[in-house]
Amino acid sequence: MSRDAFTAALRNTLKEIGNICPDVKCSFLFTTDGILVAGDAQADDTVMEKAVRLFQNVAENAAIIGGLNTFSIVGDNGRVYVSCANDMYLAMVTSKDADMPYLRSVTRVIIPTILKLLESIVPTPLKFVPSSQLVADNLSGFRSKITGDTVEIDHETLNQWSKLLNGRGVGEVEIEAFSGKQARCRVRAIEDSALEGKGLIRIPEKAFQALEVKKGELVRVKPIAH
Amino acid sequence: MPTKSEPQEQIQNLRHNLEDIKTREGVLGYILRASTSAAVDIKDPSKIIDYATLSATVLESGEKISNIFNLGEIKTILLEGADAKILSVIIGDRRLSIFMEKNVDHNTIYEDLNLT
């Protein structure tokens, strides 16, 4: 089972929880390392990643009370509830009148069961690699023509990703501009040593235009293993 | 028409209630922060720094998360760990965190703060 299928299974689970409990406005799952795994259709990627960083910050400081088991915020207009399930956290944003005991009992059963089921299908635990923010650089001219749709990234970044993917090479990357435009491209290491270590992603002209990015802008890049 | 002494009275009541709450079984202490001062009463002094850091993180992150998801004004923030839990509330410009053991009923503690 690929990571995509694993994520899709969890996304569908979150969708079903939303169907059972309409008070859930959005929900998402992230690892204890702070990596976003899956979110339902209502959840916006940028918002989720921002929230995950904040939850992670709380979790990192919670060792004195035995880690983060649950975290809830009750506001005038709604609630946020985070709970630990296996090696992941489930975050839910609900209306203020949500039936929390019911919701807790539903998620306490469904999420661990699905995670256990997926773990039994996947022979080795899937590693979720965090996306990186890199600076877009335009690969133009003759070089752009010979590279086709291949982007160039630092050796070091590729090596780090490879380590996180249990030594598997990174063949492709998913690039997302802050406008939301996405592209999937093949990847190789930057050959020009003068450009190494600058956190660049050199994108060929065609993909550069498709992503609607400008030189120097940050883009989110997610590795895809061979 | 609100009188000038009302907020002061509210703070006095809060301090009085906290004095009562801290003596209860399972309550580990509290941190009450204002913009220029702080009252710290933690039973185990070796944990003061860690508790203060956690309290600040919980409140700061809680407020940011509340803004991200449009939760409105925060009523309570509760963080539960395997060993203990922390209940945080925002009262005007004051930030209060009460630390307690897992088995303590935080809802009763909140009610006994008598914030309304």
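In this text the structure is predicted, and so the values were computed from the model without any measurement. Think of each chain on its own: its residues are numbered from 1, step by step along the sequence as written. The lettering of chains begins at A and the numbering of ligands begins at 1, in the order of writing. Local features in a predicted model are, by the rule used here, given only for residues with pLDDT of at least 70; side-chain atom pairs are given and counted only at 80 or more, and totals for whole chains, interfaces and linings are based on all residues.

Caption draft 1: Examining the overall build of chain A more closely. A helix here means a DSSP run of H or I that spans at least four residues, while a strand means a run of E at least two residues long, and both kinds are numbered starting from the N terminus. In terms of helices and strands, chain A carries 6 helices and 11 strands. C-alpha extents for chain A along the principal axes are approximately 60 × 40 × 35 Å. When burial is assessed residue by residue, chain A has 33% of its 226 residues classed as buried. Three exposure classes are used. Buried residues have 20 or more other C-beta atoms within 10 Å of their own C-beta, exposed residues have 12 or fewer, and partly exposed residues fall in between, all C-beta atoms being placed from the backbone.

Caption draft 2: Up close: the overall build of chain B. For chain B, the count of helices and strands is 3 helices and 5 strands. Starting at the N terminus and walking to the C terminus, you meet the elements of chain B as α-β-β-α-β-β-β-α. Atoms counted for the radius of gyration: C-alpha only. Globule rule: 2.2 Å times the number of residues to the power 0.38. Taken over C-alpha atoms, the radius of gyration comes to 14 Å for chain B, in line with the 13 Å a tight globule of 116 residues would show. Its C-alpha atoms give chain B principal-axis dimensions of roughly 45 × 35 × 25 Å. Counting every position in chain B, which comprises 116 residues, the buried fraction comes to 31%. C-beta atoms are placed from the backbone for every residue, and two residues are taken to be in contact when these atoms lie within 7 Å. Partitioning the contacts of chain B with sequence separation of at least 6, the portion at a separation of at least 24 is 47%.

Caption draft 3: Inspection of the domain arrangement of chain A at higher detail. Domain annotation for chain A reports domain 1 (3-121) and domain 2 (132-225). Start and end positions for the domains come from either an automated domain assignment or a database one. The C-alpha-based centres of domain 1 of chain A and domain 2 of chain A are spaced at 31 Å.

Caption draft 4: Molecular detail of the confidence of the model for chain B. Residue and element names in this part refer to chain B. Here chain B averages 91 in pLDDT, while 93% of its residues score no lower than 70. In the predicted structure, residues 1-5 sits below a pLDDT of 50 and forms 0 contacts with residues beyond four places in sequence or in another chain. Across the interface, the model reports ipTM at 0.91; the global pTM reads 0.74. Residue-level confidence of the predictor is summarised by pLDDT, bounded by 0 at the bottom and 100 at the top.

Caption draft 5: Molecular detail of the environment of C185 of chain A. All names here are of chain A. With respect to the element layout, C185 can be found in strand β9 (residues 182-189). Judged by local crowding, C185 falls into the buried class, with 23 C-beta atoms found within 10 Å. Other than its neighbours up to four places away in sequence, C185 contacts D149, T150, V151, E172, V173, I175 and A207.

Caption draft 6: Quick peek at the interface of chain B and chain A. Facing the 31 residues of chain B at the interface are 26 residues of chain A. Elements with a contribution of two residues or more to the side of chain B that touches chain A: α2 (48-68), β3 (74-80) and β4 (84-91) of chain B. With 12 residues, the top contributor of residues to the side of chain B that touches chain A is α2 of chain B. Residues are grouped as follows: Ala, Val, Leu, Ile, Met, Phe, Trp, Tyr, Cys and Pro are nonpolar; Asp, Glu, Lys and Arg are charged; every other residue, Gly included, is polar. Among the residues forming the side of chain B that touches chain A, the class breakdown is 14 nonpolar, 9 polar and 8 charged. Note on pairing: two strands pair once DSSP finds at least 2 bridges between them. Judged from the 6 bridges that link them, strand β3 (residues 70-75) of chain A and β3 of chain B form a sheet pairing that is antiparallel.

Caption draft 7: The arrangement of the pairing of strand β5 (residues 94-101) of chain B in detail. All names here are of chain B. Along β5, 6 of the 8 residues are buried, which leaves the element largely enclosed by surrounding structure. Inspection of the sheet shows strand β1 (residues 27-33) paired to β5 by 6 bridges, in the antiparallel sense. Counterpart to R33 in the pairing with β5 is R95. Pairing geometry for β4 and β5, over 8 bridges, is antiparallel. Residue pairing for β5: L87 is matched across the bridge by I98. Count of turn residues in the β4/β5 antiparallel hairpin: 2 residues, of which G92 carries a positive phi of about 60°.

Caption draft 8: Looking closely at the sheet that holds β9 of chain A. All names here are of chain A. Strand order in this closed barrel of 6 strands is β6-β10-β7-β9-β8-β11, and the pairing throughout is mixed. Within this sheet the neighbouring strands show an average axis-to-axis angle of 45°, counted without direction. For strand β6 (residues 132-139) and strand β11 (residues 218-225), the ladder comprises 4 bridges, and the chain directions are antiparallel. If you follow L134 over to β11, its bridge partner there is V219. Fitted lines through C-alpha atoms serve as axes, helices being fitted only where they are in contact, and the angles separating the N-to-C directions of these axes extend from 0 to 180 degrees. Of the strands in this sheet, β6, β7 (150-153), β8 (170-177), β9 and β11 touch helix α5 (residues 155-164), which is tilted by about 110° from β8.

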